[in-house]
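A structural walkthrough
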Amino acid sequence: MGKQGRRMVSYALFLVALFQCKFWAVAILDPLDFLALQSIRKSLHDLPGSTFFASWDFTSDPCNFAGVYCDSDRVIALNLGDPRAGSPGLTGKIDASIGKLSALAEFSIVPGRIYGSLPQSISQLKKLRFLAISRNFISREIPANLGQLRSLKTLDLSYNQLTGEIPRSIGTLPELTNVILCHNHLSGSVPPFISRVLTRLDLKHNALTGSLAPDSLPLSLQSLSLSWNQLTGPVDRLLSRLDQLSYLDLSSNKFIGPIPGRLFSFPITNLQLERNLFSGSVQPADQVTISTVDLSHNKLSGQISPMFSTVQNLYLNNNRFTGKVPASIVDRLLSGNIQILYLQQNYLTGMEIKPAAEIPVSSSLCLQYNCMVPPVQTPCPFKAGNEKTRPTAQCNEWKG
């Protein structure tokens, strides 16, 4: 008798025991689901200190196992591993039999040491809405056939070892609300996303390249993080459309062109555009209500807009700004409303502030390496360097 036959006999004996004990009201788990759970269990193991699989005794009802949730005779959710903070997690590979749990709507694995590739058979889970396997060691490419999961709402494969391109088929999934693929080794371009309910897209810390078309992302986006990639091209037309954004991080890429003034009127609480190649002047239409704005390490020029005086943490350092620091910004700094004001490494020529003025202890100002002698002496970040003033030749060259 083969292994599968022995498993079926074991399950049959379990059913007989149920009937003998008169558990007539108990729903009997579908045999295919029972066998799939056995195979999944054999391929995974508790890491030292974890006791997650202690309850997985196949002489009892699998619907009572830790992490297994059933509806009638089918497994509808499988949450593997102890979800409590600090749990050691699991190790091993995800068995291809996961695809046999055809009623599965939710599949997750807690952080641990799961390795190997994602089984192609996951594409058979047509009812799957939630797939989350983050902070493990999943490798190789994301299966393109995940695009067959038309009901999928959340895809979280962050903090793994995934390589290759993001399949364009994933961008065609109509119900996606959350896509989190950050901290992997993904390459290639960002595919267009058609879902009109997508609210979060997090692809930071990969090796993505190419540019973003103006209509490549949906208007529904509220959180967009593409930092620490190698993306290029202008994004002003794209960003101008995304007026639902509450969080935007495009830092540490190679984006070029202007930053649209309209962006600063969006309901954003944290704006990170630093370390790119953005250029031109920055002109918000109204007072900026974003608490943190970081535009540092770009090629931005022109005068600093007084509309930035309502920002709590303002990083404009390492650009090409000229002229005087607006008086409204100085006033807000002295009143303690601005907590961080970094203006070093620009071409600024003045700041109307008395030498005896006291910067609040809760605030930080850095002015060094501009085309002026700093009117007040304040501690600057170590990376700002030691030179207080930009050489006159550089200032004259910039004026010319």
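Just above, that's the structure.
Residues numbered from 1 in each chain as written. Predicted model: local features only at pLDDT ≥ 70, side-chain atom pairs only at ≥ 80, totals over all residues. Heavy atoms only, no water.

As a further point, take the overall build of the chain. Of regular secondary structure, the chain possesses 6 helices and 27 strands. For a compact globule of 400 residues, the expected C-alpha radius of gyration is about 21 Å, and the chain comes in at 28 Å, more than 25% above that figure. By its C-alpha atoms, the chain is 90 × 40 × 30 Å across when sized along the principal axes. For the chain, the proportion of its 400 residues judged to be buried stands at 51%. Within the chain, residue pairs in contact and separated by at least 24 positions form 41% of the contacts whose partners lie at least 6 positions apart. Only carbon and sulfur atoms are counted for the fraction: they give 53% of the accessible area of the chain, which is about 18300 Å². Across the chain, the 36 positively charged side chains and the 27 negatively charged ones have centroids separated by 4 Å. (Helix = DSSP H or I, 4+ residues; strand = E, 2+ residues; numbered from the N terminus. Rg over C-alpha atoms; globule rule 2.2 N^0.38 Å. Buried < 20%, exposed > 50% of the residue type's maximum accessible area, 1.4 Å probe, protein only. Contact = heavy atoms within 4.5 Å. Areas by Shrake-Rupley, 256 points an atom, 1.4 Å probe, with all protein chains shown as cover. Lys, Arg positive; Asp, Glu negative; His and termini not counted. Charge placed at Lys NZ, Arg CZ, Asp CG, Glu CD.)

Glancing now at the environment of T209. Take T209: it is sitting in strand β14 (residues 207–210). In this structure the C-alpha to C-alpha distance between T209 and I194, which are 15 residues apart in sequence, comes to 20 Å. Setting aside chain neighbours within four positions, we find T209 in contact with G188, S189, V190, Q230 and L231.

What follows is about the nonpolar core. A general tendency of soluble globular proteins is for nonpolar side chains to be buried together. Residues L78, F107 and F308 are the most contacted members of the largest nonpolar core, which totals 101 residues. Of all the elements in the fold, those that place two or more residues in this core are α2 (31–43), β3 (74–80), β5 (106–109), β7 (130–133), α4 (236–241), β24 (320–325), α5 (327–334) and β26 (347–351). Among the elements that line this core, the one with the most residues is α2, at 5 residues. If near-sequence neighbours (up to four positions away) are discounted, F107 is found in contact with L78, L80, I94, I98, L128, F130, L131, A132 and I133. Listed in part, the 5 residues of the second largest apolar core include Y315, I340, C366 and A384. (Core = buried A, V, L, I, M, F, W, Y, C linked by side-chain atoms within 4.5 Å.)

Let us look at α5. Listed as buried for α5 are I329, V330 and L333. Viewed end-on, α5 has its buried residues packed into an arc of 100 degrees, placing them on one side of the element. Of the surrounding secondary structure, the elements contacted by the buried residues of α5 are β24, β25 (340–342), β26 and β27 (364–366). Of the residues flanking the end of α5, it is G336, one or two places downstream, whose phi is positive at about 85 degrees. (Arc of directions from axis to C-beta.)

A few words on the state of the cysteines. The full count for this structure, using the stated rule, is 3 disulfides. Residue C63 pairs covalently with C70 via a disulfide, S to S 2.1 Å. Its torsion about the S-S bond being -95 degrees, the disulfide of C63 and C70 is classed as left-handed. C63 sits in the buried class, given a relative accessible area of 18%. (Disulfide = S-S within 2.5 Å.)

With that settled, the discussion passes to the pattern of salt bridges. For the structure on display, the rule yields 6 salt bridges. Between D202 and R200 there is a salt bridge, and its shortest N-O distance comes to 3.5 Å. Accessibility expressed as a relative area gives 33% for R200, which makes it partly exposed. Between K204 and D202 there is a salt bridge, with the nearest N and O atoms lying 2.6 Å from each other. One salt-bridge network, held together by shared partners, links R200, D202 and K204. (Salt bridge = Lys/Arg side-chain N within 4 Å of Asp/Glu carboxyl O.)

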